[in-house]
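Report on the structure
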Amino acid sequence: MSNRPRRPAKPYRRPRRDPVRILAFEALRAVDERDAYANLVLPPLLRKARTAGDLDARDAALATELVYGTLRHQGTYDAIIAECVDRPLRDVDPPVLDVLSLGAHQLLGTRIPTHAAVSATVELARVVLGDGRAKFVNAVLRRIAADDLDGWLDRVAPPYDDDAEEHLGIRHSHPRWVVSALWDALGGGRRGMEELLAADNDRPEVTLVARPGRTTPGELLATVPDAAPGRWSPYAVRLSEGGDPGTLETVQDGRAGVQDEGSQLVALALAAAPLDDGPDASWLDACAGPGGKAALLAALAARRGATLTAGERQHHRARLVARALRGNPGPYQVLTADGTRPPWRDGAFDRVLVDVPCTGLGALRRRPEARWRRRPEDLAGFAPLQRGLLEQALKATRPGGVVGYVTCSPHPAETRAVVDDVLKHTGGAELLDARPLLPDMPGLGDGPDVQLWPHLHHTDAMYLALLRRTG
């Protein structure tokens with residue numbers, strides 16, 4: 001037996017609590033466990049932490065980057081992590097995978113030094129997972145840290161010539177079926193697809209709409225620091241990076257709202273579409289929640305002496321619409337109503353907007369987690385609802401009136417296929433060319449409908465078809 005004295009055991013060191021990374025982990029768990037959206041979960045977590053004095057503005061910015069960066073690049077990081085663990089990825093506990101993904105983003109997607117990224121993530125693992133699993137996290141992160149992002153992508157993504165969709169999907173963190181669907185909608189070759197997928201992973205600008213009759217873009221530009229005019233909408237104002245619209249008085253009192261320029265443009269196009277004779281006094285937003293487009297339409301209607309009716313099937317969303325419309329200078333009404341079984345009579349409206357529920361593939365910049373939740377079979381679930389809403393919208397429109405069919409998805413099954421099918425089976429309507437109603441915008445295609453794109457227009461991928469009822 002050896003007589004050498006034993007080394008004294010190292011005293012246990014309590015893990016250091018890092019408020020930034022703990023908050024980011026909590027947000028990711030909410031997204032995973034509750035199917036929450038980061039853009040809804042993160043702001044209250046940040047407000048609570050800042051109120052408690054746990055975070056300053058710089059910490060809040062880092063937490064936001066960690067959450068959104070991890071979610072946007074989840075597919076890429078999953079492929080890399082899978083190469084660094086000794087089991088199928090599905091067998092890694094979800095909380096452990098969230099910590100590993102946060103670490104991978106710090107190592108491969110930020111300028112945080114390698115040693116700091118590893119040590120901070122291991123400390124997080126000790127706090128939220130325990131010492132045992134923290135050792136596993138440490139081992140995996142050190143394998144990830146052995147190469148940079150480009151090196152890993154060369155290893156985990158198949159060559160483009162062998163499998164173009166899988167190559168693009170892993171490099172740009174999109175499910176294969178989404179890559180395929182977007183490619184069908186966009187057309188063209190590799191360059192355009194690379195630009196579109198990369199744009200989906202960019203941080204979107206925050207854009208305000210100056211609601212007519214209540215404020216002007218000039219007033220917003222004069223009062224909002226470092227703001228800039230919108231690119232396309234005459235009512236749009238873009239905030240500087242990091243600007244918080246919730247702190248602006250004009251947003252708090254409803255004179256302005258947060259609204260992507262694509263959403264502004266489709267509402268403006270409907271308002272500007274030519275009618276065939278008759279009145280222009282009664283407008284309808286048939287799927288109005290949460291109220292952004294309805295608020296803009298109501299303000300535009302008021303300028304012409306018209307009335308907006310806003311219908312929303314879900315009562316809690318109808319309350320959001322009512323809040324958005326509060327203070328509108330003209331008459332309006334908000335109804336809790338199902339647009340497929342509406343309470344309004346046929347032919348009652350001159351202009352109708354139907355912004356249908358969809359997969360949301362056009363807003364992946366804002367809701368990056370949606371790309372991993374949606375499945376191809378979801379399209380079949382939305383299709384009957386989309387067709388039913390468009391059919392009822394046409395019935396609600398008087399002869400000579402116009403319907404705007406809108407969806408925040410470029411998927412052909414949710415756009416042209418719906419419009420073509422309804423026109424084929426219902427008759428009594430014709431397509432209008434929407435392109436002249438979005439003046440000075442490039443890349444609007446062959447028409448008559450319009451598809452906007454993040455990489456071409458810096459908007460969400462909104463789709464618009466304008467239909468005039470003929471009989």
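Structure first, text after, so check above.
Please read these numbers as outputs of a predicted model, since none were measured by experiment.

The rules behind the values
Counting from 1, residues in each chain are numbered in the order their sequence is written. Side-chain atom pairs in this predicted model are given and counted only at pLDDT of 80 or more, local residue features only at pLDDT of at least 70, and totals for whole chains, interfaces and linings cover all residues. Derived side-chain values reflect all non-hydrogen atoms in the structure, with water molecules and hydrogen atoms excluded from consideration. Only DSSP runs of H or I reaching four residues or more are called helices, and only runs of E reaching two or more are called strands; each is numbered from the N terminus. Atoms counted for the radius of gyration: C-alpha only. Globule rule: 2.2 Å times residue count to the power 0.38. When a residue's accessible area, from a 1.4 Å probe over protein chains only, is under 20% of the maximum for its type it is buried; when over 50% it is exposed; and in between it is partly exposed. Only buried residues count toward a nonpolar core, which is a set of Ala, Val, Leu, Ile, Met, Phe, Trp, Tyr and Cys residues joined through side-chain atoms within 4.5 Å. Contacts are assigned to residue pairs that have any heavy atoms within 4.5 Å of one another. The axes used here are C-alpha line fits, helices contributing only the stretch in contact, and every angle between their N-to-C directions lies in the interval 0 to 180 degrees. Throughout, the term roughly parallel applies to angles under 35 degrees, roughly antiparallel to angles over 145, roughly perpendicular to angles from 65 to 115, and oblique to all others. Asp, Glu, Lys and Arg are counted as charged, while Ala, Val, Leu, Ile, Met, Phe, Trp, Tyr, Cys and Pro are counted as nonpolar; the rest, among them Gly, fall into the polar class. Strand pairing follows a simple DSSP-based rule, namely that at least 2 bridges must link the two strands. A pair of aromatic rings is counted whenever rings of Phe, Tyr or Trp (Trp by its six-membered ring) have centres within 6.5 Å, and the orientation is called stacked for planes under 30 degrees apart, edge-to-face for over 60 and tilted otherwise. By definition, being over a ring means that NZ of Lys or CZ of Arg is both within 6 Å of the ring centre and within 35 degrees of the ring normal. In protein, a polar contact requires one atom able to donate a hydrogen and another able to accept it; more generally it is a pair of N or O atoms within 3.5 Å, and residues adjacent in sequence count only if both atoms are side-chain atoms. Read the arc as the range of directions from the helix axis to the C-beta atoms. Expected span of a helix: the number of residues minus one, times 1.5 Å. Criterion for a salt bridge: a side-chain nitrogen of Lys or Arg within 4 Å of a carboxyl oxygen of Asp or Glu.

A tally of regular secondary structure across the protein chain gives 20 helices and twelve strands. The C-alpha atoms of the protein chain give a radius of gyration of 25 Å, which matches the 23 Å a tight globule of 471 residues would have. The C-alpha extent of the protein chain, read off along each of the three principal axes, is 105 × 50 × 40 Å. Going through the 471 residues of the protein chain one by one, you find that 52% of them count as buried.

What follows concerns the nonpolar core. Counting 55 residues, the largest nonpolar core has Val67, Leu100, Val137 and Ile144 as the members making the most contacts within it. Secondary structure elements with two or more residues in this core: α1 (19-33), α2 (38-51), α3 (57-72), α4 (74-82), α5 (94-109), α6 (114-128), α7 (131-144) and α8 (149-156). Among the elements that make up this core, the one with the highest residue count is α1 (nine residues). Ignoring any residue separated from it by four or fewer positions in sequence, one finds Leu100 in contact with Ile81, Phe136, Val137, Val140 and Leu141.

Direction vectors running N to C along α4 and α5 enclose 100 degrees, while the axes themselves pass 10 Å from each other. If you check the angle between α4 and α5, you find them roughly perpendicular. Where α4 approaches α5, its residues Tyr77, Asp78, Ile80 and Ile81 are matched on the opposing element by Leu97, Leu100, Ser101, Ala104, His105, Leu108 and Gly109. In the contact of α4 with α5, the residues fall into seven nonpolar, three polar and one charged.

Another point: the environment of Ala294. For Ala294, the position within the fold is in helix α15 (residues 292-303). Sequence-distant contacts of Ala294, defined by excluding residues within four places in its chain, comprise Asp285, Ala288, Leu308, Ala310, Val321 and Leu325.

Let us now look at the sheet that holds strand β2 (residues 228-229). Backbone hydrogen bonds are what pair the strands of a sheet, in a parallel or an antiparallel way. Here we have four strands laid out as an open sheet, ordered β2-β3-β1-β4, and antiparallel in their pairing. Because the sheet does not close on itself, it has two edges, and the strands there are β2 and β4 (256-258). Of the strand pairs in this sheet, strand β1 (residues 207-210) and β4 are connected by three bridges, and their pairing is antiparallel. From the neighbouring strand, Val209 faces β4, where its bridge partner is Gly257. Of the strands in this sheet, β1 and β3 (236-238) are in contact with helix α14 (residues 261-272), which crosses β1 at around 30 degrees.

This part covers the packing of aromatic side chains. The description of two aromatic rings rests on the distance between their centres and on the angle between their planes. Evaluation of the coordinates by the stated rule reveals two aromatic pairs. Measuring from centroid to centroid gives 6.1 Å for Trp344 and Phe349, while their planes differ by 85 degrees, and the two rings are edge-to-face. Each member of the pair, Trp344 together with Phe349, is buried. Between Tyr405 and Tyr463 the ring centres are 6.3 Å apart and the planes differ by 75 degrees, which places this aromatic pair in the edge-to-face class. Pair noted here: Tyr405 is in strand β9 (residues 397-407) and Tyr463 is in strand β12 (residues 463-469), with a separation of 58 residues, a long-range link. For the cation-ring pair, Arg155 lies above Trp152, with the distance from its terminal atom to the ring centre recorded as 4.0 Å. Residue placement shows Arg367 over the ring face of Tyr37; its charged tip is 4.1 Å from the ring centre.

Here the focus is the environment of His172. Position of His172 among the secondary structure elements: in helix α9 (residues 164-172). For His172, a relative accessible area of 13% corresponds to the buried category. Those residues in contact with His172 that lie beyond four places of it in its chain are Thr76, Glu194, Leu197, Ala198, Asn201 and Arg371. Only 2.4 Å separates the side chain of His172 from the side chain of Glu194, close enough to count as a polar contact.

Listed in full, the buried residues belonging to helix α16 (residues 315-325) are Ala318, Val321, Ala324 and Leu325. An end-on view of α16 places all buried positions within 115 degrees of arc, on one side of the element. The inward-facing, buried residues of α16 abut α15, β6 (307-312) and β7 (332-336). Note on α16: the residue one or two positions beyond its end, Gly327, has a positive phi of about 90 degrees.

Structurally, Arg365 is set in the loop between β8 (349-355) and α17 (370-373). A distance of 3.3 Å separates a polar atom in the side chain of Arg365 from a polar atom in the side chain of Asp260. A distance of 2.8 Å separates the side chain of Arg365 from the side chain of Asp460, its partner in a polar contact. Contacts of Arg365, omitting those with residues within four sequence positions, involve Arg72, Ala199, Asp200, Asp202, Pro204, Asp260, Pro454, His458, Thr459 and Asp460.

Now for α6. Given a rise of 1.5 Å per residue, 15 residues ought to cover 21 Å, and the 21 Å separating the end C-alpha atoms of α6 matches this to within 8%. Listed as buried for α6 are Ala117, Val118, Ala120, Thr121, Val122, Glu123, Leu124, Ala125 and Arg126. Turning to α6, the residues buried within the fold contact α1, α5 and α7. Downstream of α6 by a residue or two, Gly130 has a phi angle that is positive, lying close to 105 degrees.

What the rule picks out here adds up to 36 salt bridges. Measuring nitrogen to oxygen at the nearest pair gives 3.5 Å for the salt bridge that ties Arg176 to Glu166. Remark: Glu166 occurs in helix α9 and Arg176 occurs in helix α10 (residues 176-186); sequence separation between them is ten residues. Relative accessible area serves as the criterion here: at 37%, Arg176 is assigned to the partly exposed category. Looking at Glu166, the relative accessible area reads 27%, which means it is partly exposed. Look at the salt bridges and you will find they share partners, linking Arg29, Asp32, Glu33 and Asp98 into a network.

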